[in-house]
Amino acid sequence: MRKLLLYFAFALLLVPVGIAQNRGDIAFVGFNADGDDDFAIVALADIAANTTIYFTDNEVSSGGGLADTNEGIIQWDTGTAIITAGTIVIFTDTDAAGNPNFGASVGTLTMPDPSLNLSGGGDALFAYLGTDPSTPTLFLAGIQNEANNTGDLAASGLTEGTDFVTFTSGSNDDGGVYNASRDDQTSFAAYGAIINTASNWSTQSSNGELLLPFSTTPFTTALPVELTSFEAIASTDAVTLTWTTASETNNAGFELQQATAGAAFTPATFVSGQGTTLQAQSYQHTIANLIPGQYRFRLKQVDYDGAFEYSSEVEVTVGVEHSFQLSEAYPNPFNPETVFSVSVQSDQRVEVAVYNLLGQRVRQLYAGTVTAGAAQRVVFDAGGLPGGVYLIQARGAEVMQSRTVTLLK
């Protein structure tokens, strides 16, 4: 066997379920060539159910095939459920199917070819899509523990630092593990370049098993903007909208959109964001000269790269005499708190309570006088209550309004 250069290659033979795998949809986060040959990968995109994936330490020929069929191939059948992005899958004892711990943490592992024989210096394992174990159609990712086989890398179509990593810090590294962040990117794909950078790995030159067990902590993504409240307060001919954020990442700002009953949303104005900040931020904007009627509002949060997402909607009544308004709760669904407001156009006593679907009162949230033109903010803390749908009811002197909210647990 050649001086080992380690590539991990997956072959995905897909059952059509609406997910098409692409190069870079997985990345390697752990490798151990010492002892029983263990490794770990992370899904950087959803992997379709009933997918077959092959791993091989064979060399890659100039045409993209496998050059040395005397080296190993193992087959991974992912199972009947989609493997979601961020999931870690660990493969153990892959050098022999008879090993007591031979297998994968998700799905089923079999060995259609001679077993893998990973070495502590200069080996490679490839990940590729294939029509069968010996016929790659698309290489997805790779890893090596010594940079000495550029020919294999070029033939695979993989790119160092993008979907292929040389994790070694020396010429004889038995093992390596990715040790950088798993929770600070706004997309799973953004982890690809970080994982495939050698400086983000820890290595072990004499005994890769000292790095075991590999971490099973999943990768997560951070929302560009963590919106914590969004409220609307109506007056005679205007609506004041307020919202707060707990943190922001690459936030260009908010397009404030409005709509009347039955109409589509249209842009009203744009409020600049704070870019990237871990500090809570508060925003306010008033839309004036509105004709009487029902209005809906939402925020379109826009990143610097043009990506965007919408907030939940809030609804208010403008310019209707004796109007009584219970706003939408935000967030909804929620856990454990949601916030809403009650506004009136004449001073009156208001009671706000929460009921379960059996009609039983489970919380008294507010009882007091609400002043005209000044919305009363109300917080529903559902601590101690079981998950499910609840009814928030606000009762004034002559009017009663209700909203449903969903507690997730």
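Rules used throughout
Residues numbered from 1 in each chain as written. Predicted model: local features only at pLDDT ≥ 70, side-chain atom pairs only at ≥ 80, totals over all residues. Heavy atoms only, no water. Helix = DSSP H or I, 4+ residues; strand = E, 2+ residues; numbered from the N terminus. Rg over C-alpha atoms; globule rule 2.2 N^0.38 Å. Buried < 20%, exposed > 50% of the residue type's maximum accessible area, 1.4 Å probe, protein only. Contact = heavy atoms within 4.5 Å. 1 Å grid on protein atoms, 1.4 Å probe; cavity = no way out; pocket = protein on both sides within 12 Å on 5 of 7 lines; lining within 4 Å. Points joined across faces, edges and corners; volume = space filled by probe spheres on them. Nonpolar A, V, L, I, M, F, W, Y, C, P; charged D, E, K, R; others polar. Pairing = 2+ DSSP bridges. Axes fitted to C-alpha atoms, helices over the stretch in contact; angles between N-to-C directions.

S.K.: When you look at the overall build of the protein chain in this model, what are you seeing that I'm missing?
M.R.: Broken down by element type, the protein chain carries 2 helices and 26 strands. A compact globule built from 409 residues would reach a C-alpha radius of gyration of about 22 Å, whereas the protein chain, at 28 Å, exceeds it by more than 25%. Considering only C-alpha atoms, the protein chain reaches an extent of 85 × 45 × 40 Å along its principal axes. Looking at the protein chain as a whole, 49% of its 409 residues are labelled buried. Within the protein chain, contacts between residues separated by at least 24 positions form 64% of all contacts whose residues are at least 6 apart in sequence.

S.K.: Would you explain the environment of Pro 336 in this entry?
M.R.: Checked against the element boundaries, Pro 336 lands in the loop between strand 20 (324-326) and strand 21 (337-344). For Pro 336, a relative accessible area of 39% puts it in the partly exposed group. In this structure the C-alpha to C-alpha distance between Pro 336 and Leu 407, which are 71 residues apart in sequence, comes to 7.2 Å.

S.K.: What exactly am I supposed to notice about the layout of surface pockets here?
M.R.: Unfilled space is identified by rolling a water-sized probe across the atoms. In this structure, the largest pocket occupies an estimated 170 Å³ of space. If you trace the largest pocket, you find it lined by Leu 223, Val 225, Glu 226, Leu 227, Phe 254, Leu 299, Gln 301, Glu 309, Tyr 310, Ser 311 and Tyr 330. Residue assignment for the lining of the largest pocket shows that the elements contributing at least two residues are strand 13 (225-234), strand 17 (293-303) and strand 18 (308-310). It is strand 13 that provides the largest number of residues to the lining of the largest pocket, a total of 3 residues. The class makeup of the residues in the lining of the largest pocket is 7 nonpolar, 2 polar and 2 charged.

S.K.: Sorry if this is basic, but what is going on with the sheet that holds strand 20 here?
M.R.: Hydrogen bonding along the main chain pairs the strands of a sheet, whether they run parallel or antiparallel. Strands sit in the order 20-21-24 across an open sheet of 3 strands; the sheet is antiparallel. Either end of the sheet is taken by a strand with one partner, and the two such strands are strand 20 and strand 24 (376-381). If you compare each strand with its neighbour and ignore which way they point, the axes differ by 15° on average. Sheet analysis places strand 21 next to strand 24, joined by 6 bridges and oriented antiparallel. Looking at the pairing, Glu 337 lines up with Asp 381 of strand 24.

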